[in-house]
Amino acid sequence: MATLAIIGGTGLTSLKDLHLTRREVMHTPYGEPSAPLVFGEMCGKELLFLPRHGAGHTIPPHKINYRANLWALKESGVEKVIAVNAVGAIRADMTPGKLVVPDQIIDYTWSRTNTFFEEGLNHVTHIDFTEPYSAALRKVLIDTATDNGIEVIGEGTYAATQGPRLETTAEINKLERDGCDLVGMTGMPEAALARELELDYVCLAVVANMGAGRGEPTITMAMIEHYLGEGMARARQLLEQVVPRLV
Ligand code: HPA
């Protein structure tokens, strides 16, 4: 049974170092996950991979069935989740291609189903979300990066925006005033749903571009893909070293 899962984001729809053992189409009380779950081995350790946007990268951030994805992982016996997310940078030192392990989130998304606790309840439930990411998993990612000479920024506040459009310059300025360092469209409600299911969850953010108004005059998909290629290569390198420490 795989106890570790990697959720891949834009730029990581497959893991080439994962030796595939089986795929499983899952059905959950909340519908179908983004793709069949991929079970395999990396560095001799069993793990599970799920591409958040679907196997062919066709599901936009606001249409992802986050509940089905997390439920399917929990049902499969997963305890720890590394969520890989492409992001735009607000902080100047988070240049394209860099890796960030954020420690906080501000949620700006709307009209996404964001809880398992809404029907058939015996008690109203409020999860603690003071620290939205697992401190233990963050430490493993940061320590592994340091030990292997892989550059990673070990803190930051992730702004989860609705998308699918990118932000305006004024929105990025507002996010900065709010204290956000990086911006992405898929961080929530995924992190909160993971907490509701008592999964240990961490985000490995890969900077694809400077946020609107901070870098190039316009942000193109070609630019995003270029830098994501570079950043994801670094993320894969880190994942290869992290997996044996977590399984
Ligand atoms: N904004 C929001 N989400 C993103 C960005 C961005 O600039 N880049 C990659 N995902």
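Our subject is the structure that appears above.
Bear in mind that the values here come from a model prediction, so they are computed numbers and not experimental data. (Residues numbered from 1 in each chain as written. Predicted model: local features only at pLDDT ≥ 70, side-chain atom pairs only at ≥ 80, totals over all residues. Heavy atoms only, no water.)

**Points about the overall build of the chain**
The secondary structure content of the chain amounts to 5 helices and 10 strands. For the chain, the C-alpha radius of gyration of 17 Å lies close to 18 Å, the compact-globule estimate for 247 residues. Expressed as lengths along the three principal axes of its C-alpha atoms, the size of the chain is roughly 45 × 45 × 30 Å. A burial count over the chain gives 49% of its 247 residues as buried. Here the analysis covers contacts within the chain between residues at least 6 apart in sequence; of these, 82% occur between residues at least 24 apart. Distance between charge centroids for the chain: 2 Å, based on 22 positive and 31 negative side chains. (Helix = DSSP H or I, 4+ residues; strand = E, 2+ residues; numbered from the N terminus. Rg over C-alpha atoms; globule rule 2.2 N^0.38 Å. Buried < 20%, exposed > 50% of the residue type's maximum accessible area, 1.4 Å probe, protein only. Contact = heavy atoms within 4.5 Å. Lys, Arg positive; Asp, Glu negative; His and termini not counted. Charge placed at Lys NZ, Arg CZ, Asp CG, Glu CD.)

**A few points about the packing of aromatic side chains**
This model, assessed by the stated rule, comprises 4 aromatic pairs. Ring centres of Tyr30 and Phe116 lie 5.1 Å apart, and the angle between their planes is 70°; on these two criteria the pair is classed as edge-to-face. Remark: Phe116 occurs in the loop between β7 (104–107) and α2 (135–147) and Tyr30 occurs in the loop between β2 (19–24) and β3 (37–42); sequence separation between them is 86 residues. Since its relative accessible area comes to 25%, Tyr30 is described here as partly exposed. (Phe/Tyr/Trp six-rings, centres within 6.5 Å; stacked < 30°, edge-to-face > 60°.)

**As for the pattern of salt bridges**
Counted by the stated rule, this structure contains 11 salt bridges. Ionic pairing is found between Asp93 and Arg91, a salt bridge with its closest N-O pair at 2.8 Å. With a closest N to O distance of 3.1 Å, Arg91 and Glu155 form a salt bridge. Here Glu155 lies in the loop between α2 and β8 (157–160) and Arg91 lies in the loop between β5 (80–89) and β6 (99–100), a separation of 64 residues in the sequence. (Salt bridge = Lys/Arg side-chain N within 4 Å of Asp/Glu carboxyl O.)

**Quick word on unusual backbone geometry**
The omega torsion across Gly163 and Pro164 is 0°, close enough to zero to call that bond cis. Structurally, Pro164 is set in the loop between β8 and α3 (169–177). A positive phi angle is found at His57, which is not glycine, with a value near 50°. Residue placement: His57 occurs in the loop between β4 (45–51) and α1 (66–75). When its relative accessible area of 36% is taken as the criterion, His57 is described as partly exposed.

**Considerations on the pairing of strand β1 (residues 4–8)**
Counting buried positions along β1 gives 5 out of 5 residues, so the element sits mostly inside the fold. Because side chains alternate across β1, one face comprises the buried residues Leu4, Ile6 and Gly8, and the other comprises Ala5 and Ile7, equally buried. Relative to β5, β1 runs parallel, the two sharing 4 bridges. Bridging across to β5, Ile6 finds its partner in Ile82. Relative to β4, β1 runs parallel, the two being bridged by 4 bridges. Within β4, the position partnered with Ala5 by the bridge is Leu48. (Pairing = 2+ DSSP bridges.)

**Description of the site of the ligand**
Taken together, Ala86, Val87, Gly88, Leu166, Glu167, Val183, Gly184, Met185 and Asn209 make up the full set of residues near the ligand. Between a nitrogen atom of the ligand and a side-chain N or O atom of Glu167, the distance comes to 2.7 Å. The side chain of Asn209 places a nitrogen or oxygen atom 2.7 Å from a nitrogen atom of the ligand. Taken by itself the ligand offers 260 Å² of open surface, and the protein chains cover 93% of this. Of all the secondary-structure elements, those providing two or more residues to the shell around the ligand are β5 and β9 (182–184). Per-element accounting of the shell around the ligand gives the leading share, 3 residues, to β5. Looking at the shell around the ligand residue by residue, the classes come out as 5 nonpolar, 3 polar and 1 charged. (Near = heavy atom within 4 Å. Polar contact = N/O pair within 3.5 Å; in protein donor to acceptor, adjacent residues only side chain to side chain. Areas by Shrake-Rupley, 256 points an atom, 1.4 Å probe, with all protein chains shown as cover. Nonpolar A, V, L, I, M, F, W, Y, C, P; charged D, E, K, R; others polar.)

**Remarks on the nonpolar core**
Residues Leu37, Leu48 and Leu73 are the most contacted members of the largest nonpolar core, which totals 40 residues. For this core, the secondary structure elements donating two or more residues are β1, β3, β4, α1, β5, β8, α4 (190–196) and β10 (200–210). Once you skip the residues sitting within four places of it in the chain, Leu48 turns out to touch Ala2, Leu4, Ala5, Ile6, Leu37, Val38, Phe39, Leu73, Ser76 and Val78. (Core = buried A, V, L, I, M, F, W, Y, C linked by side-chain atoms within 4.5 Å.)

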